[in-house]
2 protein chains.
Amino acid sequence: MKKFYFALIFFFIVCAGYSQTDPLPSWNNGHLKTSIMEFVNRVTDTGSQDFIPEEERIATFDNDGTLWPEMPVIQGLFLIDQLKKMISVNPSLTDNPLIKAVIDKDKEYFAEDPETKLMELLVITMTNMDEMEFEKSAVEFFKTAVYPKFNKPVTELAYKPQTELLAYLRANGFKTYICSGGTIEFMRQISEQMYGIPRNQVIGSSFKYRYTGLDSNYIFREEEINSICDKEGKPVNIQLFIGKRPVFVAGNVRSGGDVAMMRFSQGNKYPNFQILVNHDDAVREFEYSEPDNYSLNMAKKYGFNVVSMKNDWNRIF
Amino acid sequence: MKKFYFALIFFFIVCAGYSQTDPLPSWNNGHLKTSIMEFVNRVTDTGSQDFIPEEERIATFDNDGTLWPEMPVIQGLFLIDQLKKMISVNPSLTDNPLIKAVIDKDKEYFAEDPETKLMELLVITMTNMDEMEFEKSAVEFFKTAVYPKFNKPVTELAYKPQTELLAYLRANGFKTYICSGGTIEFMRQISEQMYGIPRNQVIGSSFKYRYTGLDSNYIFREEEINSICDKEGKPVNIQLFIGKRPVFVAGNVRSGGDVAMMRFSQGNKYPNFQILVNHDDAVREFEYSEPDNYSLNMAKKYGFNVVSMKNDWNRIF
């Protein structure tokens, strides 16, 4: 009977605690949520052996598939938008088989070497212009773009559990960064508004820039890739932009793009935590996996925490 | 008589204000100091037309010759240190005429195309190694390195008026960055300690990095320049790292390296301020200028504020 009372009291304390202060209401109670909060409590407790000084509390989050949906990738929608605008001014552009294939939704054309073709399309649609002009186009896109499956503005598609997690980490002295394969100036147009992440904490793929001179005084986007911030490119860009290994990393299953960044954080001398979002919720979002199961295999090998969207999140948006 | 009393009261108010709260005690009272403080007051006053929101208060400071001395450049001392260490392990390195010229202090050898030769030396001494190994060498260097003319540890050579200015800007909500031709991971080892600037707010020249893989899990410094953060390279790197034009920029006279960054800030839609440090104090520091007077000419043309070290600073270190 004594045991029962203890259990009851404990239950009420937990409930009271959660109902008053739960910083992650969109996360279902369970092992993963407890682990995240236990990690944050432990590393912010000055009395703990595992205490991490505030300036070392670096968190990096992938964007596509980790903070918002990627079926299709939102920058892909922007790319098509840009292409249509360009064609309306210069219809002969469709003579280019690559551009024609996009307009015709010719999947077969993209079966071979899709990455090179995508890079070429990024260069065609997002470079060879003044930086300000590019940013204006991106801002315009975000004002009206609607995401297919959900028929909602793309700017309303941040995963709610993740924006809660970002806010929770910041409230505990973490500096939150995006580190994504998306191009840096595209994401910067919505990072503050959607995720509370300022421009200077956005790391991404980039094009070569050129300063045009003292009189014209602007940045020109050259038709050349500067850096691809994916796979091994993520640790490289984190080193360049931040100069420190993160202690908290979030990525997702799709292409293995986040494994290197997650593993990189495990080389930190401080305690560290990794979450890998698994898209297993066909009803509320999407269900997809990797053909070779690489990310999940690496999660098992290196001890990354896997997030089941279906089971760990009680709401998605 | 009434006028005299007013003048007297005004004088006491000014003195009292300064003695209690002067945030820039190493700056002599005068037009420039007043202009800096007037700018900061104006842009942080929510009632002013010139108010700048806190997230837009970006300040970028050059390092060599702007925050610490550059006769010789401190990274040059490190370069020679590294070279000597390498030769002690592998004496045949001096067969390389470039390395021999450094050891022999052969100025004639460097008369032709000094920049390419310097880049080559940077690659020889600071790449082809693990990032952690490089950082360890830099930390070791800073522990013992002494600057020739002053016979003081290099870590004690931050210009006092500039560290006051950085602290003053930060106290007024500015985010302070280094943006320098020095290489990024070298400066990061002392930026916090000397200037209160965290690693992730250091922008500089960089080498190509490579992530070595999930098992070895570190960053390797490749023998290739990634970016030279000088002249037109400064606005380019500011765009990449911060994504915003600064509103406050500090540079110095020597090579014209900071003119583009200063001018870049004038394209900001917000009020902006530029200071150009002129090394005109042979007694307390150094006296040198540019052969073609480019930076001072551009200061006149574009309205940058020139700092006379001799007249505007009442102490240097």
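What you are looking at is a predicted structure, and each value in this text was computed from that prediction instead of being measured.

S.K.: Describe in detail the pairing of strand E9 (residues 273-278) of chain A, supporting the description with residues and values.
M.R.: All names here are of chain A. For E9, a buried count of 6 out of 6 residues is recorded, marking the element as mostly surrounded by other parts of the structure. Burial along E9 is two-sided: the residues Phe273, Ile275 and Val277 and Gln274, Leu276 and Asn278 are all buried. Relative to E9, strand E8 (residues 248-252) is paired through 5 bridges, and the arrangement is parallel. Across the sheet, residue valine 249 finds its bridge partner in E9, namely glutamine 274. You can see the chain leave E8, run along helix H11 (residues 259-265) and come back into E9, and the turn it takes is right-handed. Sheet topology note: the E9/strand E10 (residues 305-308) ladder contains 4 bridges and is parallel. Bridge assignment links asparagine 278 to a residue of E10, and that residue is serine 308. As a crossover connection, the stretch from E9 through helix H12 (residues 294-302) into E10 is right-handed.

S.K.: Would you mind going over the sheet that holds strand E7 (residues 219-227) of chain A in detail, with residue names and values included?
M.R.: What the 8 strands build is an open sheet, ordered E2-E7-E6-E5-E1-E8-E9-E10 (chain A); its pairing is mixed. Each of the sheet's edge strands pairs with one partner strand only, and the pair in question is strand E2 (129-130) and E10 of chain A.

S.K.: Would you mind going over the relation of the copies chain A and chain B in detail, with residue names and values included?
M.R.: Once chain A has been moved 0.0 Å along the axis and rotated by 180 degrees, it coincides with chain B to within an RMSD of 0.0 Å. When the rotation and shift are considered jointly, the pair of chain copies conforms to a two-fold rotation axis. The position closest to the rotation axis in chain A is occupied by the C-alpha of Phe241(A), lying 3.4 Å away. Interface residue correspondence from chain A to chain B reaches 100%, placing this contact among same-surface, isologous pairings.

S.K.: Tell me about the sheet that holds strand E6 (residues 202-211) of chain B, residues and numbers included.
M.R.: Residue and element names in this part refer to chain B. Taken together, the 8 strands give an open sheet; going across it, the order is E2-E7-E6-E5-E1-E8-E9-E10, and neighbouring strands pair in mixed fashion. At either margin of the open sheet sits one strand with a lone partner, and together these are strand E2 (129-130) and strand E10 (305-308). Direction of pairing for strand E1 (residues 58-61) relative to strand E5 (residues 175-183): parallel, over a ladder of 4 bridges. By the bridge assignment, alanine 59 is partnered in E5 with threonine 176. Across the sheet, helix H12 (residues 294-302) lies against strand E8 (248-252), strand E9 (273-278) and E10, angled at about 150 degrees from E9, the strand it touches most.

S.K.: Account for the domain arrangement of chain A, naming residues and giving values.
M.R.: Residue and element names in this part refer to chain A. By the assigned domains, chain A splits into domain 1 (25-71 + 152-206 + 227-312) and domain 2 (74-147). The C-alpha-based centres of domain 1 and domain 2 are spaced at 28 Å. In this complex, domain 1 contributes 18 residues to the contact, which on the side of domain 2 involves 15 residues. Here domain 1 meets domain 2 over a buried area of about 1500 Å², counting both sides, of which 68% is carbon and sulfur. In terms of surface lost to domain 2, no three residues of domain 1 exceed Val154, Phe186 and Gln189, which account for 42% of the buried area on that side. Across the domain 1-domain 2 interface, the total number found is 1 salt bridge. Arginine 199 serves as the salt-bridge partner of glutamate 135, at 3.6 Å between the closest nitrogen and oxygen. In this structure, the connection of domain 1 to domain 2 is made through 4 residue pairs in polar contact (both at pLDDT 80 or more).

About the cut-offs
Residues numbered from 1 in each chain as written. Chains lettered and ligands numbered in written order. Predicted model: local features only at pLDDT ≥ 70, side-chain atom pairs only at ≥ 80, totals over all residues. Heavy atoms only, no water. Buried < 20%, exposed > 50% of the residue type's maximum accessible area, 1.4 Å probe, protein only. Helix = DSSP H or I, 4+ residues; strand = E, 2+ residues; numbered from the N terminus. Pairing = 2+ DSSP bridges. Right-handed = clockwise from strand over helix to strand, strands pointing away. Least-squares fit on C-alpha atoms with pLDDT ≥ 70 in both. Contact = heavy atoms within 4.5 Å. Axes fitted to C-alpha atoms, helices over the stretch in contact; angles between N-to-C directions. Domains from an automatic or database assignment. Buried area = accessible area lost by both parts, 1.4 Å probe. Salt bridge = Lys/Arg side-chain N within 4 Å of Asp/Glu carboxyl O. Polar contact = N/O pair within 3.5 Å; in protein donor to acceptor, adjacent residues only side chain to side chain.

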